[in-house]
Amino acid sequence: MMSKPKRLHPAAMIFHIIQTLKQSILGFLPVAIAFISNGGLFYLMIAIPIVVVLIILFSFLSWLRFTYRLEEDQLRIERGIFIRKKRTISKHRIQSIDLSQNIIHRIFGLTKLEIETAGNDSSTDAGLSAVTMADGQMLHNELKYKKHVSEAASEESSEEVKTEPEEKNEANLPQRKITVKALLITGSTSASFGILIGIFGFAFSQVETFIPDRFYDETARWVLSLGLQIIIILCLIVLLYLWLLSILYSVIKDWNFTITRYEKELFITRGLLEKKQTTIPLKRIQAVGIKESPLHQLFGFIRVYVEIASGDTKNNQEMNTIIFPLLRKKEFGAFLATFLPEYHYSVGNLIRLPRKALPYYLFRSIDLLLLAVIVVGIFFSPYIWIPVILMIITGIYGWAAFKSAGYAIDEQQITVQTRRFSKDTVFIPQRRIQALQRKQHILHRKQSLATIDMAILNKASGRHFVIKELRVTDSNQIADWYSSRKES
Amino acid sequence: MREQPNGKIATDAIKAWQLSAHLYALISLLITIGSIVVYSLFDFLPIWIVYTIAGLTILEWLVTAFIIPKLRWRRWRYQVFDQEIYIQHGVLIVTRTIVPMIRVQHVDTEQGPILKKYKLSTLKISTAATTHQIPALSEEEASDLRDQISELARVEQDDV
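Calculation criteria
- Chains are numbered independently. Their residues run from 1 in the order of the written sequence.
- A letter from A marks each chain and a number from 1 marks each ligand, given out in the order of writing.
- A pLDDT threshold of at least 70 governs which residues receive local features in this predicted model, and a stricter bar of 80 or more applies before side-chain atom pairs are shown or counted, although totals over entire chains, interfaces and linings include all residues.
- Axis lines are fitted to C-alpha atoms, over the contacting stretch for helices. Their N-to-C directions set the angle, which ranges from 0 to 180 degrees.
- Comment: elements are numbered from the N terminus, with helices defined as DSSP H or I runs of at least four residues and strands as E runs of at least two.
- Should an angle fall under 35 degrees it is called roughly parallel, over 145 degrees roughly antiparallel, and 65 to 115 degrees roughly perpendicular, with every other angle called oblique.
- In the scheme used here, Gly and all other residues not listed as nonpolar or charged are polar, with Ala, Val, Leu, Ile, Met, Phe, Trp, Tyr, Cys and Pro taken as nonpolar and Asp, Glu, Lys and Arg as charged.
- This entry defines residue contacts through backbone-placed C-beta atoms, with two residues in contact when those atoms are within 7 Å.
- DSSP calls a pair of strands paired once it identifies at least 2 bridges connecting them.
- With C-beta atoms placed from the backbone, a residue is labelled by how many other C-beta atoms lie within 10 Å of its own: buried for 20 or more, exposed for 12 or fewer, partly exposed between the two.
- Each nonpolar core comprises buried Ala, Val, Leu, Ile, Met, Phe, Trp, Tyr and Cys residues, the members being joined through C-beta atoms within 7 Å.
- Note that the domain bounds were set by an automatic or database domain assignment.
- Directions pointing from the helix axis toward each C-beta atom define the arc.
- Crossing chirality is assigned from the near helix's rotation relative to the far helix, an anticlockwise turn below a right angle marking it left-handed and a clockwise turn marking it right-handed.
- What a helix is expected to span follows from its residue count: subtract one and scale by 1.5 Å.
- A residue's pLDDT is the predictor's confidence in that residue, given on a scale from 0 to 100.

### Considering the packing of helix α1 (residues 12–41) of chain B against helix α2 (residues 47–75) of chain B
Helix packing for two helices is described by the angle between their axes and how far apart those axes are.
All names here are of chain B.
Here comes step 1: The N-to-C vectors of α1 and α2 enclose an angle of 180 degrees; their axes lie 9 Å apart at closest approach. With respect to each other, α1 and α2 are oriented roughly antiparallel.
Here comes step 2: A breakdown of the residues in the contact of α1 with α2 according to their chemical character gives 19 nonpolar, 7 polar and 3 charged.

Structure follows, in structure tokens:
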């Protein structure tokens, strides 16, 4: 245990510089462009080095003034160049400690340490951007539960710890690693493909303004002269490229995705260039869910995630935490029994919606397009097929949402299945539901239908699981299951 | 959830809601006056728009001040059991809510100027993920209920 204040590894300066540059570049770029276009290139050439030197100076100072030390059960951090900030984090308040390494960390044999505490205020969390692997491991073990300390102590001898911290799992712990094949499937069927197309389109539209007009015109003329077939082939090549990129992306992101079950937590490591470790204490897990996108559903694949209660919403991370990127659906029962035996997989006996709920689902899925059909039909009748086709597609989704919706009650757990785009099946323990609501409007009351809304806590302020248009009798069954007093 | 809760909120709630509806109607009244002024000063505003705005203003005032408060009051019910709080509200969409006591994080009472005039306060019940309120209870009742709930909610909370 150290009691002397310690500085971060000097490489922390590099991260600080990179981060500052990243943050300021967007602000500086327009100024720089304005300077260049007004012939102020000379002043810019003077200004840039000054700014860079200032940034380096500030990074050095903030490194110099940043110290941390471990004291009894607390981590103390002092930082700030002009305004000194002191933060003390008690060991008992720590929810999770993550170690991660990006390329620079790996070159120097360092790690980044992120500490997350409870509460919705991310400013109470702490991060050490670069410490040596040994220190990182030491802090990690010091600040964790006692059990881990002994565990780590035995590993310290096995030297491997320095580079491969995830290698520390004892062989008898339940563990599962993603196969390369599954990784490729994830990449080739993931939604990030669509996102990449979007980014590509955006980047192109930004670059477009920088291309000289003459060059642009000539290229356009050349492309047009090629004829339709070649243009189509070009487009396909671009799409293929993007598709390969998205595969690459998910391979890099989820390389060696490994989940391990400890007594009181799940431990996940992943990543090729940047190794990420995530520790999920079991008691923070609010619900377990599986997601099936239509494509995955076709081939019988699912993605497993958990909803965690925590205040960590920075880096606009996804709302839920994926605990396994791709799994065959038929394997899921065994997966759950191995890693989260606290939850049961019960999907066979789902109670579905009554037939009379279907019109609501259809109407909700097409309402806006119906309006569009009417408007287009009146003013641009030759094009009416466009909204009509869209309406049919969304209508099919409405129907699919109706078909997917259902619930099952299994002792202390409720299974809720809904669909927006992907089919989402969630397993929620009764004690994790913060409040239960039943909503009925006038038509619902006439048709004895009811909507049920269950709120749980998650990374953001909460997630609501809503099953719309259940039978009233079924909604009563859910309420009876949830309520502590038994109405007859 | 078959039976509705039995506790009603204070009768003065109707008066309080009516008063705030009158105040809101003043805003629409100002818009109406504005449109009349614009109409009489410049001639680009067709007269039917002025009529529509005036009509909507009156309609809004009648509905929000004379119809909704009574319906809303009749619907508002609550009941506090040892282990849960049961609330019903909503004019068009009737919502019934169950909040288990062990999920309650804190209870607040709140009072704006309108509620203060009628000696009413609003009770707010927060869980980790949601907030629920019982509007317009009499002051004593609200503070009694607040103390009662926070007493009942003080049982051992398992994490979140």
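### Quick look at the interface of chain A and chain B
Here comes step 1: Taken together, the contact pairs 25 residues of chain A with 24 residues of chain B.
Here comes step 2: Only β19 (435–440), β20 (449–456) and α15 (472–482) of chain A provide two or more residues apiece to the side of chain A that touches chain B.
Here comes step 3: Here the side of chain A that touches chain B gets 6 residues from one element, more than from any other, and that element is β19 of chain A.
Here comes step 4: Partitioning the side of chain A that touches chain B into residue classes produces 9 nonpolar, 10 polar and 6 charged.
Here comes step 5: In this structure, β19 of chain A lies alongside strand β4 (residues 94–100) of chain B, joined through 5 bridges in antiparallel fashion. Bridging from a neighbouring strand, Arg438 of chain A pairs with Arg96 of chain B of β4 of chain B.

### Some thoughts on the sheet that holds strand β16 (residues 406–410) of chain A
Residues and elements named next belong to chain A.
Here comes step 1: Strand order across the open sheet formed by 7 strands is β14-β13-β12-β18-β17-β16-β15, with antiparallel pairing between neighbours. Looking along the sheet, the strands with just one partner apiece sit at the ends: β14 (321–328) and β15 (351–352).
Here comes step 2: Each of β17 (413–419) and β18 (423–429) is contacted by helix α13 (residues 385–404), which is oriented at about 170 degrees to β17, the strand it contacts most.

### Points about the pairing of strand β13 (residues 301–308) of chain A
Looking along a regular strand, one sees side chains alternate from face to face of the sheet.
Residues and elements named next belong to chain A.
Here comes step 1: Taken across its 8 residues, β13 has 7 buried, putting it largely inside the fold.
Here comes step 2: Two strands pair when backbone bridges link them, and strand β12 (residues 285–292) and β13 are joined in this way by 6 bridges, in the antiparallel orientation. Looking at the pairing, Gly289 lines up with Tyr305 of β13.
Here comes step 3: Where β13 and β14 come together, 5 bridges link them in antiparallel fashion. Bridge assignment links Val304 to a residue of β14, and that residue is Phe324.

### Observations concerning the nonpolar core
Here comes step 1: Ile428 of chain A together with Leu137 of chain B are the most contacted members of the largest nonpolar core, which totals 78 residues.
Here comes step 2: Not counting the four nearest positions on each side in its chain, Ile428 of chain A is found in contact with Ala287, Gln413, Ile414, Val416, Ile433, Met454, Ile456 and Phe465 of chain A.
Here comes step 3: Ranked by size, the runner-up nonpolar core spans 22 residues in total, among them Ala12, Phe15, Leu99 and Leu113 of chain A.

### Examining the domain arrangement of chain B
By convention, interface size is frequently given as the accessible area that disappears when the constituent parts associate.
Residues and elements named next belong to chain B.
Here comes step 1: Segmentation of chain B into domains returns domain 1 (10–73) and domain 2 (77–152).
Here comes step 2: If you average the C-alpha positions of domain 1 and of domain 2, the two centres end up 30 Å apart.
Here comes step 3: Listed by partner, the interface residues are 10 residues for domain 1 and 9 residues for domain 2.
Here comes step 4: Mapped onto the side of domain 1 that touches domain 2, the elements with two or more residues apiece are α1 and α2.
Here comes step 5: Among the elements that take part in the side of domain 1 that touches domain 2, α1 stands out by supplying 6 residues, more than any other.
Here comes step 6: Broken down by class, the residue content of the side of domain 1 that touches domain 2 amounts to 6 nonpolar, 1 polar and 3 charged.

### Describing the environment of Trp255 of chain A
Here comes step 1: Tracing the chain through its elements places Trp255 of chain A in the loop between α9 (228–254) and β9 (258–261).
Here comes step 2: Each residue touching Trp255 of chain A, except ones within four places of it in the same chain, is listed here: Arg270, Gly271 and Leu272 of chain A.

### Points about helix α6 (residues 180–189) of chain A
Side chains three or four residues apart in an α-helix point the same way, a direct result of the helix having 3.6 residues per turn.
Residues and elements named next belong to chain A.
Here comes step 1: All of the buried residues along α6 are Leu183, Thr186 and Gly187. When α6 is viewed along its axis, its buried side chains cluster within an angular range of 95 degrees and face the same direction.
Here comes step 2: Residues of α6 that are buried make contact with α9 and β14.

### So, the sheet that holds strand β10 (residues 265–270) of chain A
Residues and elements named next belong to chain A.
Here comes step 1: Spatial ordering of the open sheet is given by β7-β6-β5-β11-β10-β9-β8, a layout of 7 strands whose pairing is antiparallel. Only two strands of the sheet have a single neighbouring strand rather than two, namely β7 (126–132) and β8 (175–177). The mean angle between the axes of side-by-side strands here comes to 15 degrees, regardless of whether they run parallel or antiparallel.
Here comes step 2: As paired strands, β10 and strand β11 (residues 275–281) are joined by 6 bridges and run antiparallel to one another. In the sheet register, Glu265 faces β11, and the bridge partner there is Pro281.
Here comes step 3: In the packing of helix α1 (residues 11–37) onto the sheet, the strands contacted are β6 (110–117) and β7, and the crossing angle to β7 comes to about 130 degrees.
Here comes step 4: Here helix α4 (residues 133–143) sits on the sheet and contacts β5 (94–101), β6 and β7; the angle it forms with β7, its principal contact strand, is near 135 degrees.

### Remarks on the packing of α1 of chain A against helix α2 (residues 41–64) of chain A
All names here are of chain A.
Here comes step 1: Following both chains from N to C, one finds α1 and α2 inclined at 155 degrees, their axes separated by 10 Å at the closest point. On the basis of their axis angle, the class for α1 and α2 is roughly antiparallel. α2 is crossed by α1, and the crossing has right-handed handedness. Here Ala12, Met13, His16, Ile17, Thr20, Leu21, Ala32, Phe35 and Ile36 of α1 lie close against α2, whose contacting residues are Leu41, Tyr43, Leu44, Ile55, Ile56, Ser59, Phe60, Ser62 and Trp63.
Here comes step 2: A per-class count over the contact of α1 with α2 returns 14 nonpolar, 4 polar and no charged.

### Points about α13 of chain A
All names here are of chain A.
Here comes step 1: For α13, with 20 residues, the first-to-last C-alpha span of 28 Å sits near the 28 Å given by 1.5 Å per residue.
Here comes step 2: Taken residue by residue, α13 has Pro387, Gly398, Ala401, Phe402 and Ser404 as its buried positions. Across the axial projection of α13, the buried residues extend over an arc of 165 degrees, all falling on one side. When the buried face of α13 is taken as reference, the exposed residues oriented beyond 90 degrees from it are Trp385, Ile389, Ile392 and Ile396.
Here comes step 3: Tucked inside the fold, the buried residues of α13 contact α12 (358–379), β17 and β18.

### Points about unusual backbone geometry
Here comes step 1: Despite not being glycine, Ser448 of chain A shows a phi value in the positive range, around 45 degrees.
Here comes step 2: Examined against the element boundaries, Ser448 of chain A turns out to sit in the loop between α14 (442–446) and β20.
Here comes step 3: With 14 C-beta atoms packed within 10 Å, Ser448 of chain A lands in the partly exposed category.
Here comes step 4: Phi at Lys119 of chain B takes a positive value of approximately 55 degrees, unusual for a residue other than glycine.
Here comes step 5: According to the C-beta neighbour criterion, Lys119 of chain B is partly exposed, with 13 such atoms within 10 Å.

### Quick notes on the confidence of the model for chain B
Here comes step 1: When the pLDDT values of chain B are averaged, the result is 88; 96% of them are 70 or greater.
Here comes step 2: Across the whole predicted complex the pTM is 0.74, and at the interface the ipTM reaches 0.83.

### With respect to the pairing of β20 of chain A
Residues and elements named next belong to chain A.
Here comes step 1: For β20, the tally of buried residues reaches 7 of 8 residues, placing the bulk of the element in the interior.
Here comes step 2: The pairing of β19 with β20 spans 5 bridges and is antiparallel. Bridge pairing in β20 links Arg438 to Ile452.
Here comes step 3: Relative to strand β21 (residues 463–471), β20 runs antiparallel, the two being bridged by 7 bridges. In the strand pairing of β21, Ile456 is matched with Arg463.

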